[in-house]
Amino acid sequence: MKPAFIFGTRPEIIKLSPVIRAFLGRGVEPLLIHTGQHYDYEMSRVFLEELELPEIDYHLEVGSGTQAEQTGTAMIKIERVLIEEKPDVVVVQGDTNTVLAGALASVKLKIPVAHVEAGLRSFDRTMPEEINRILADHASEILFPPTEEAKRNLEREGITGNVYVTGNTIVDAVLQNAEVAEEKSDVLERLGLEPKEYLLITAHRAENTDSRENLRKLVEILENLPMRAVYPMHPRTRNRLKEFGLLKRVENIENLIITKPLGYLDFLKLERNAFAIMTDSGGIQEEAIILNVPCLTLRYNTERPETVEAGGNVLVGLEKERAMDYLRRLMEDPEFYEKMAKAKNPFGDGKAGERIAGILLELYKKGELRVKSSRFI
Ligand code: UD1
Ligand code: UDP
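All values reported here derive from a predicted model rather than from experimental measurement.

Quick notes on the rules
- Residues numbered from 1 in each chain as written.
- Chains lettered and ligands numbered in written order.
- Predicted model: local features only at pLDDT ≥ 70, side-chain atom pairs only at ≥ 80, totals over all residues.
- Heavy atoms only, no water.
- Helix = DSSP H or I, 4+ residues; strand = E, 2+ residues; numbered from the N terminus.
- Buried < 20%, exposed > 50% of the residue type's maximum accessible area, 1.4 Å probe, protein only.
- Contact = heavy atoms within 4.5 Å.
- Areas by Shrake-Rupley, 256 points an atom, 1.4 Å probe, with all protein chains shown as cover.
- Lys, Arg positive; Asp, Glu negative; His and termini not counted.
- Charge placed at Lys NZ, Arg CZ, Asp CG, Glu CD.
- Salt bridge = Lys/Arg side-chain N within 4 Å of Asp/Glu carboxyl O.
- Core = buried A, V, L, I, M, F, W, Y, C linked by side-chain atoms within 4.5 Å.
- Phe/Tyr/Trp six-rings, centres within 6.5 Å; stacked < 30°, edge-to-face > 60°.
- Lys NZ or Arg CZ within 6 Å of the ring centre and 35° of its normal.

### Examining the overall build of the chain
From N to C terminus, the chain includes 18 helices and twelve strands. When the backbone C-alpha atoms are referred to their principal axes, the chain occupies close to 60 × 40 × 40 Å. Considering the chain as a whole, with its 377 residues, one finds that 59% of them fall into the buried category. For the chain, contacts bridging at least 24 residues in sequence account for 71% of all contacts bridging at least 6. With an accessible surface of roughly 15,800 Å², the chain has 49% of that area assigned to carbon and sulfur atoms. On the chain, the mean spot of the 50 positive side-chain charges and the mean spot of the 61 negative ones are 3 Å from each other.

### So, the pattern of salt bridges
Under the counting rule described, the total for this entry stands at 35 salt bridges. The closest approach of N and O atoms between Lys2 and Glu85, which form a salt bridge, is 2.9 Å. In this pair, Lys2 is assigned in the segment before strand E1 (3-7) and Glu85 in helix H3 (residues 67-85), connecting sequence segments 83 residues apart. Judged by relative accessible area, Glu85 falls into the buried class, the value being 17%. One salt bridge in this structure joins Glu42 and Lys260, with 3.6 Å as the shortest N-O distance. Here Lys260 lies in the loop between strand E9 (256-259) and helix H13 (264-273) and Glu42 lies in the loop between strand E2 (31-34) and helix H2 (45-50), a separation of 218 residues in the sequence. When its relative accessible area of 19% is taken as the criterion, Glu42 is described as buried. The exposure class of Lys260 is exposed, given its relative accessible area of 56%.

### Examining the nonpolar core
One finds Phe5, Phe7, Tyr264, Leu270 and Leu360 to be the most contacted residues of the largest nonpolar core, which totals 60 residues. Ranked by residue count, the leading element in this core is helix H1 (residues 10-25), at seven residues. Dropping the residues within four chain positions of it, Leu270 is found in contact with Val187, Leu188, Leu191, Leu193, Tyr198, Leu200, Val230, Pro232 and Leu262. If you look at the next biggest cluster of nonpolar residues, it comprises 37 residues, including Leu225, Leu318, Met340 and Ala341.

### Considerations on the packing of aromatic side chains
Taken as a whole and judged by the stated rule, the model has four aromatic pairs. Geometrically, the ring pair formed by Phe5 and Phe23 is edge-to-face, given 5.9 Å between the ring centres and 80° between the ring planes. Of the two residues, Phe5 sits in strand E1 while Phe23 sits in helix H1, which places them 18 residues apart along the sequence. Like Phe5, the residue Phe23 is buried in the burial classification. Stacked on the ring of Phe336, the Lys or Arg Arg329 has its end atom at 3.9 Å from the ring centre.

Take a look at the structure:
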């Protein structure tokens, strides 16, 4: 069997690594195609190295651009590789432009698409990711929703065949790397941080960074934090802060350490030892609940509602007062802290990668790995 993995950004590398490993463990060497949506060393290569993935077969060097430029360029370059390589299945993960490009290019060549982390919905169609999720799910043949809730989202849209709830591969990635991170990373010493005495912050979403007004609200939150904090900054946010004349203001906040984006081992160690996490990232909302760290999400909706329902995550949006209220409660009320920290991980047992590889191999053996003319017959 010849599976092809298409990925291009930091979270895709992290979340696909357990699936790639599971194939390798079964003696199948997958074809690895990197679109180059992320290209800085610390947004891409560092993860390939730390997660010890095999060499990439195709680097497509798509780079940055408008939504259509990035998606269109990726589609054109992916199509060329797929025509040449004729894989049995294309595996994509998540909701980036790389995923949409990979799914569209493949299905139109009648190569079946397997979508890992299918069925997530924020129900906010103004997010580029929501459009990508919906379209990628509908272009896919085999769907791997992480939870029953995600499966129900697919059902509501009429996608019921070849749907397998597997858990989220992020649990596998965390379990495979958290101990290594604890041993190998000296990030706390490097940054002069004590366990459970700092906040970990990330924010990079288009809706938070592309508008001056929203970015200013984010800066106001950062200026009012009641505790030391560390913010490994996504290049998109740094660029926007600079563009809107807000970077100096952020750099001058006394309590705040700003770093470049960090490698996975450093970042996992920072997450695990944080007092609490504030983020607009999808993957970090998941990792927080897996690592028993309270999470305040800097958004008004989430496609990970399971984390909120479990009690480990609160949506605070960009509302300074709301964010500060929750931070104060976490600091002053140990019972409230414990309750958030002990919320049960809804994303499975860390064997999602094994399940996904197993199911795809089984379908291949049965001759079922193909694009069918209809979902409904
Ligand atoms: C993308 C995904 C988002 C995901 C995020 C993971 C889409 C629509 N969005 O957002 O869902 O959460 O990746 O981090 O696909 N840049 C660099 N160096 C890099 C990469 C990007 O400087 O290596 C800068 C460029 O100025 C670029 C900007 O960041 O224009 C945005 O990058 P892009 O890949 O378009 O989207 P992300 O914000 O990273
Ligand atoms: N991450 C990392 N270094 C960082 C920030 C994030 O290794 O400086 C990891 C994090 O542990 C998680 C993933 O990157 O697994 C999340 O990526 P991101 O927030 O960029 O994207 P999203 O999940 O929102 O799509």
